[in-house]
Amino acid sequence: MRKKRRSSVDKSESAAPPDVSKSKKSRTTGHQSKTTAQEDTSIDSVFGQFLHEAGVILRQGSTSNEIAVDQVVFQKRLQQRLKKSPRYPSIVQEFITGLESHIEDPERFRNCLLPCIFLYSNQMTLYICLSIPCSAGEDGLNIPRVIVNQLKWLDRIIDSKELAGKLMQLVSVASVEIQCDIITSLPEILEDSQHSDIARELNALLQENTQLTVPILDAFSSLNLSSTLLAEVRVSVMATLSAVQLEDLPVVVKFILHSISPSDALEVRGYTQWCPLLYQQPVTISPCDSPCVFLQAIENVDTAEDHKVIDLLVLFILHSTNANHSRRGAERVLKVKVRAGQIQEALLQKTFRGYVMRGYFPSILALAQSLLRSPDPCVVPFGGHMYRLSFTAFDSYCQQEVVGSLVTHVCSGVGGEVDVALELLCGLVTEKPSEMALYAVFVKGILDYMENLTPQQIRRLFHLLSGLAFGQQQQGTHIQDDMHIVVRKQLSSTVPKYKRIGIIGAVMVVGSMGVTALLELVRSCSESSPEAAALYYDELANLVLTCTLDPLVQVCLSFPFPACMMYNLDDEESQGGIAINLLQLLSDDLQHKGELVFLSYVWFCRRVSPLCLSPFFRLLRLCEEQQHQGDLEEIDALLGCPLILTDMDVVEKSESLSKPEREFLCGLLFQTINWFREVVNAFCSQKDPEMKMKVVTRLQNITYLQTLLERTLAATPGYSPPLANFDGESTEVAPVSSSSAGQLCILTREYIEKVQEATRPGVSLVSYRHFFRELDMEVLSVLQCGLLSRSLLDSELHSKVREEVQLGPAELVFLLEDMWRKLEFSLTAAPAKRVPFFKGKTDKSVGFSHLQQKSPKDIAACCVQLLPTLCTHLENCHNHFQTLLSENQGVVDASGLDVREHQLLSSAYQLLLQVLHTTFSWSGFSQPEHRGLLKKTLGVLADRLKEGGPELTMDQNSFEYLLNFHSTVPSLSIALCLSQLLSTFSIERSLPLATLARRFLCQEWVTTSGDREKGPKHNETLQTLLSIYLEHTDDVLKAVEEIAGEGIPELLNSAKDASSRTWPTLNRLTFLVFYKGMMGVLEKAVRKIPPGRNSDNTEKLLTWNLAVRDFHILVNLVKVFDNRPVLNVCLKYGRLFLESFLKLGMPLLDFSFKKHKEDVQSLLKTFQLSTRQLHHMCGHSKIRQDTILTNHVPALKKSLEQFVYRVKAMLTLNHCQEAFWLGNLKNRDLKGEEILSQRSQGSDEEEEAGSPLPQEQSEDEVLAIIDF
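Given the structure is predicted, the values throughout are model-derived calculations rather than measurements. (Residues numbered from 1 in each chain as written. Predicted model: local features only at pLDDT ≥ 70, side-chain atom pairs only at ≥ 80, totals over all residues. Heavy atoms only, no water.)

Asker: Provide a residue-level description of the overall build of the protein, including the pertinent values.
Answerer: Helix and strand counts for the protein come out as 56 helices and 8 strands. Of all 1268 residues assigned to the protein, the portion counted as buried reaches 50%. (Helix = DSSP H or I, 4+ residues; strand = E, 2+ residues; numbered from the N terminus. Buried < 20%, exposed > 50% of the residue type's maximum accessible area, 1.4 Å probe, protein only.)

Asker: For the pattern of salt bridges, give the residues involved together with the corresponding values.
Answerer: A full pass over the atoms with the stated rule returns 35 salt bridges. Two residues, D482 and K444, come together in a salt bridge whose shortest N-O distance is 3.2 Å. Remark: K444 occurs in helix 25 (residues 440-444) and D482 occurs in helix 27 (residues 480-491); sequence separation between them is 38 residues. You can call D482 partly exposed: its relative accessible area is 27%. Exposure remark for K444: the relative accessible area of 24% places this residue in the partly exposed category. Here R998 makes a salt bridge to E1042, at a shortest N to O gap of 2.3 Å. With R998 in helix 46 (residues 990-1001) and E1042 in helix 48 (residues 1036-1052), the pair connects residues that are 44 residues apart, well separated along the chain. For R998, a relative accessible area of 27% translates into the label partly exposed. Shared partners join several salt bridges into a network, and the residues in it are D538, R618, R621, E625, E678, R773 and D776. (Salt bridge = Lys/Arg side-chain N within 4 Å of Asp/Glu carboxyl O.)

Asker: Can you break down the environment of P115 residue by residue, with the values?
Answerer: Here P115 shows up in strand 3 (residues 115-116). Among the residues examined, P115 registers a relative accessible area of 25% and is labelled partly exposed. In this structure, the C-alpha to C-alpha distance between P115 and S64, residues 51 residues apart in sequence, is 7.0 Å.

Asker: Summarise helix 3 (residues 71-83); cite the residues concerned and give the values.
Answerer: Relative to the 18 Å expected for 13 residues at 1.5 Å per residue, helix 3 spans 18 Å between its end C-alpha atoms, a close match to the ideal helical length. Burial in helix 3 covers these residues: Q71, F74, Q75, L78 and L82. Along the long axis of helix 3, the arc covered by the buried residues comes to 95 degrees, so they all point the same way. Set apart from the buried face of helix 3 by more than 90 degrees, the exposed residues are V72 and K76. (Expected span 1.5 Å × (residues − 1). Arc of directions from axis to C-beta.)

Asker: An account of the nonpolar core is needed here, citing residue identities and associated values.
Answerer: Most often, soluble globular proteins have nonpolar side chains that are buried together. In terms of nonpolar packing, the biggest core is built from 292 residues, with F683, Y1029, Y1075, W1104 and F1141 touching the most fellow members. The dominant element in this core, judged by the number of residues it contributes, is helix 51 (residues 1124-1152), at 14 residues. L167, I183, I189 and L217 belong to the second largest nonpolar core, which has 31 residues in total. (Core = buried A, V, L, I, M, F, W, Y, C linked by side-chain atoms within 4.5 Å.)

Asker: Summarise the confidence of the model for the protein; cite the residues concerned and give the values.
Answerer: Predicted confidence across the protein gives a mean pLDDT of 78, with 76% of residues reaching 70 or more. Segment residues 283-289 is flagged for pLDDT under 50; beyond a separation of four residues in sequence, or across chains, it makes 16 contacts in the model. Ignoring residues within four places in sequence, the model shows residues 1238-1268, a span with pLDDT below 50, making 60 contacts including any to other chains. (pLDDT = per-residue confidence, 0-100. Contact = heavy atoms within 4.5 Å.)

Asker: Please give an account of the side chain of T672 that cites residues and values.
Answerer: Along the polypeptide, T672 turns up in helix 36 (residues 659-683). Sequence-distant contacts of T672, that is, excluding residues within four places in its chain, are made with L582, L643, L645 and L705.

Asker: Which residues make up helix 44 (residues 954-963), and what values do they have?
Answerer: For helix 44, the buried fraction is high: 7 of the 10 residues fall into the buried class. All buried positions along helix 44 are accounted for by Q956, N957, S958, F959, Y961, L962 and L963. Those residues of helix 44 hidden inside the fold are in contact with helix 41 (856-887), helix 42 (899-920), helix 43 (931-943), helix 45 (972-983) and helix 46.

Asker: Break down the packing of helix 52 (residues 1157-1184) against helix 54 (residues 1193-1213) for me, citing the residues and quoting the values.
Answerer: Interaxial distance between helix 52 and helix 54 falls to 10 Å at its minimum, and their mutual angle equals 155 degrees. Taken together, the axes of helix 52 and helix 54 are roughly antiparallel relative to one another. The chirality of how helix 52 crosses helix 54 is left-handed. The segment helix 52 lies against helix 54, with V1160, L1164, F1167, T1171, L1174, H1175, C1178, S1181 and K1182 engaging V1193, L1196, K1197, L1200, F1203, V1207 and M1210. (Axes fitted to C-alpha atoms, helices over the stretch in contact; angles between N-to-C directions. Parallel < 35°, antiparallel > 145°, perpendicular 65-115°, else oblique. Left-handed = near helix turned anticlockwise from the far one by under 90°.)

Asker: Account for the packing of helix 48 against helix 50 (residues 1098-1116), with residues named and values stated.
Answerer: The interhelical angle for the contact between helix 48 and helix 50, taken along N-to-C directions, is 30 degrees, at an axis separation of 10 Å. Regarding the angle of helix 48 to helix 50, the classification is roughly parallel. For helix 48 against helix 50, the interelement crossing comes out left-handed. Of the residues in helix 50, those in contact with L1037, V1040, E1041 and A1044 of helix 48 are T1103, L1106, A1107, R1109, D1110, I1113 and L1114. Within the contact of helix 48 with helix 50, the residues separate by chemical class into 7 nonpolar, 1 polar and 3 charged. (Nonpolar A, V, L, I, M, F, W, Y, C, P; charged D, E, K, R; others polar.)

Asker: Let's hear about the packing of aromatic side chains: which residues, and what values?
Answerer: The tally for this structure, following the rule as stated, stands at 30 aromatic pairs. Taking 6.0 Å as the distance between ring centres and 40 degrees as the angle between the ring planes, the aromatic pair formed by F1137 and F1167 counts as tilted. In this pair, F1137 sits in helix 51 while F1167 sits in helix 52, placing the two residues 30 residues apart along the sequence. When sorted by exposure, F1137 lands in the same class as F1167, which is buried. Among the aromatic residues, those joined into a cluster by ring pairs are W1104, F1111, F1137, F1141, F1167 and F1203. (Phe/Tyr/Trp six-rings, centres within 6.5 Å; stacked < 30°, edge-to-face > 60°.)

Asker: Pulling in residues and values, what's your account of the environment of L938?
Answerer: Within the secondary structure, L938 is located in helix 43. Considered as a pair, L938 and V864 are 74 residues apart in the sequence and their alpha carbons are 9.4 Å apart. With residues up to four places along the chain from it excluded, the contact list for L938 reads F920, M954, D955, S958 and F985.

Asker: Any chance you could break down unusual backbone geometry for me, citing the residues and the numbers?
Answerer: Cis rather than trans, the peptide bond between Y88 and P89 has omega equal to 10 degrees. Secondary-structure assignment places P89 in the loop between helix 3 and helix 4 (90-102). One non-glycine residue, Q629, adopts positive backbone phi at about 55 degrees. The residue Q629 is located in the loop between helix 34 (613-627) and helix 35 (637-640) in this model. For Q629, a relative accessible area of 70% corresponds to the exposed category. Even without a glycine there, the phi angle at Q1185 is positive, about 55 degrees.

Asker: Could you give an account of the side chain of T712, naming the residues involved and the relevant values?
Answerer: Looking at where T712 falls in the secondary structure, it is placed in helix 37 (residues 689-714). The buried category is assigned to T712, whose relative accessible area is 0%. At 2.8 Å, the side chain of T712 forms a polar contact with the backbone oxygen of L708. For T712, the contacting residues outside a window of four places in its chain are V651, R662, L665, C666 and L669. (Polar contact = N/O pair within 3.5 Å; in protein donor to acceptor, adjacent residues only side chain to side chain.)

Asker: Describe the environment of G640, naming the residues involved and giving the relevant values.
Answerer: In this structure, G640 sits in helix 35. Considering only alpha carbons, one finds G640 and V679, 39 residues apart in sequence, at a separation of 9.3 Å. Apart from residues lying up to four places away in sequence, G640 is in contact with K694 and R698.

Structure (structure tokens):
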């Protein structure tokens, strides 16, 4: 028997490949081993015989078993051998018994676990026997792990439940390492039917042993669980968070975020133990961890109080992933929440103060950069807070990155971005001077990019650098030399722009370091140019106003020159009262033009440039205020002293003067007005009644001289005025001709300009605004002056006569115009735009240098302080026009009307409303820190409402107060201003606003001459007012139908120059305004209709019926109004409406066809009439060969074709395809007549739902193409 078995083995060995591996010498003993590995002789069992016959050779010792055939062939042979045995199926049990006996020997068991030796691949014996696919083998060291690996991915499992029970029993008694191996392998061993049961057992095990948290959660992530069981498991996992090991935290967080659904996100987000855990260690989330679900949960929080630190942390975590959609989503949600005021600075501070943020610094920096570069001014401050907190909370590396990023913002050239970055850097220097001094070299690099900075930004930059270079910290002193080099280089430049930068920078350095030698250098470098000298005086004045100066600098600035010398006055000439001989000063300057004009310390040098007159007076006044605590008694004579000018009657004959004489007269008027403006700046804050009267008188002088200047400029085309603001690019502004100046007028002065055009020639001074001295914000306090009076003494010193002075309409308009322009500059945030390559020569900030010294909050607070006075003036205007209407029985153009006064008060009325609108539109009111200021502002308006009740909110009372002014608005532009002002209040007041706008549209507006208002400006105003009405009305479709179905037919039935009876603002000149407004709002309205569902869609179908009917009315109007602009509007919005119908309307018809067949039939027939007309318009556009019109044709025809096939699909879906026919549609013009030029060439075939009816049939028959 033994011999026979050996011969069998020898036979199998001979059949084996010749390159079967041989054993080598044994190194454990000193004896020489056999040259070939010994075959295991204990194969007398069924197990051994069957393996040998199937192709596996079992070896003894440490030698691996061998396989002579492929794994699949072996498995097939073994299976056939077992099934063909006469003792089947008992033979199977004998085979298993033999296997058990074989692996009882540890060495044999180890060999079975190791890969077999074969030419093609290594297979494990036990794998092959169990029909297990191969996996990467271990080195045979960790036997339990290798055993578990044999059970993965089995092709068949007889009793999966028993296998799971045995595995869990092993888990309960094995070591932790083996437990982890078994648990992580469970999803690969068990069938899906066992996943729920094993998950419950693992969940219970998790509560008992937190050491197994990571393997259990890994197994959970791979198990197929129901949503209910998954939620139960997640709750259990979250309950163990407090006991989780620190190193296991990322896995726990990943599982929780990966397992949440939208309905569970709020519950998970609100778990209170999140933040303490995230405090311990940053967490990284992969893109597959349901970021959209958590983002949606954050988006659903609608109040600032409900937002938690976890929201910001998750946004930072999501932004730190490499997935673009996660980064974009986190950035979008953060911007939305910050813009809405729901995520505020307090929450950001709490996040930085209590939690580990260092790991998220790259994301925080990227988000801060994005927010700071945003064109939305509401989110920019939040980005600044992120920068500031990052600098104060993180290490030196992060601080360096923050400073570098802020420097990059400053060098970008974007105005708002530069301002915020400079402000942040200045704030960091103030808060953390020693830390910022370490990075002074980074900030110094901005000096190379000063060409892109405005004067105010240059001031901030040198203030920042001076704080770093000359502060108490020694780390920043190394940039002092670089600053001196740059300043000296700029001062010595002959280019005006660089010299301006040098003067501004040097004066700011003087204010910080107190070195008078640099002041002397600036003075000497400014001698050659009156513009440079004037800028030097202005910068010194700003320094005195904004900084606390060194005592040496104060002494140097106290009285640099005698006042009498500056104004060509001395004691002998002033015995009878002083006077400023501006005429002589300007004449001498003209004669000695090009010579040395800077005022020297030499007493006999008495001539000075007129350009320096106002700047030096400003410096003198501020020095006096500082020395005498605001008292200007020493120089109060300059307020009322006369100016020696020419006889102003010469203005009436300016056309007869020569060009040099006219230019001299213009220059004289400019210099006089600028002197008076600076005088008003100086004395406007004085409390003495007599000084107040003189200030008002000077304002009257200014308004009178401006009317003279307008007429003189009209006669002097091409004149370039003298400079008045010396820190900007106004030196390069080209002179404005009288023809172009008239085109630059703004809305607020349209009435004054009409009067000027009607009475005498003149140009608008708006285009010359840069050539007037800037008025300070304090000048606006003159608005609070009522009737001023004083007693005049006669020769016997008796006060029998009283002089009275008060602000007139012209002075009121002058001050309100200046105030509105200031508010537009400070409170209206324009979108951030990068500087174009070819930068324009004009600088919008010229003339606002003093204003830029104040923050928007200060400007808004000043407006709130003046708000009671503004309301008083508004009520006075209202009362004036109310009295006027009552006296003239509502007739605006009554005889005997003072046109000048009417136009001035109308302009004041409009300016007051615009000032209020700009104030209430300030985006800062939406920020939490300014809510108190908004409340105070609303309180002022609410308190003036006499009939306001306690049941109304402050916002509602303010709305009702302003609504009371609607009855007296004298023009459509003022009506628009009132509507825009009311639109800034709560959206809950939309219905009263829509009613008001409709009332304005239904009112006839005429001028004081009795003519109807018209023109491009009127059309633009009408279009804006119409959009306000249609936007705030409760039923847009009904409003459109009312105008198109009633107003336009009335217009068609009226005379040529008449208007609609119901809508007087609708006439043939304004038809395009109404038509464009209705088509645009109709297209927007249908896009807001919800898509159809399987539920009841009756209301949606009714809405679409109304929309299609309105669209049909509007499209058919092109048959009457067939001009090019109307056709262009119809083609553009017709295509958009058709696309919305295909996207939103047709799915609704799919669901509604069976229940509402007649309604669907009516809607399609009506809509088909419109599409037929659109097709005719396409043919008309091709015949006319109008490029503007034909640009719309291809896209429109494509949509028309899609409509045809979409209707066919709808009918097929509802089994009514027999109601559809496809025919040829002829090209016709707007009148429906066939285009002859195309008839000869054969009609273009276009597919549309229609029946092939004969040509002689009427058009109505052709349009009825769908037969239900």
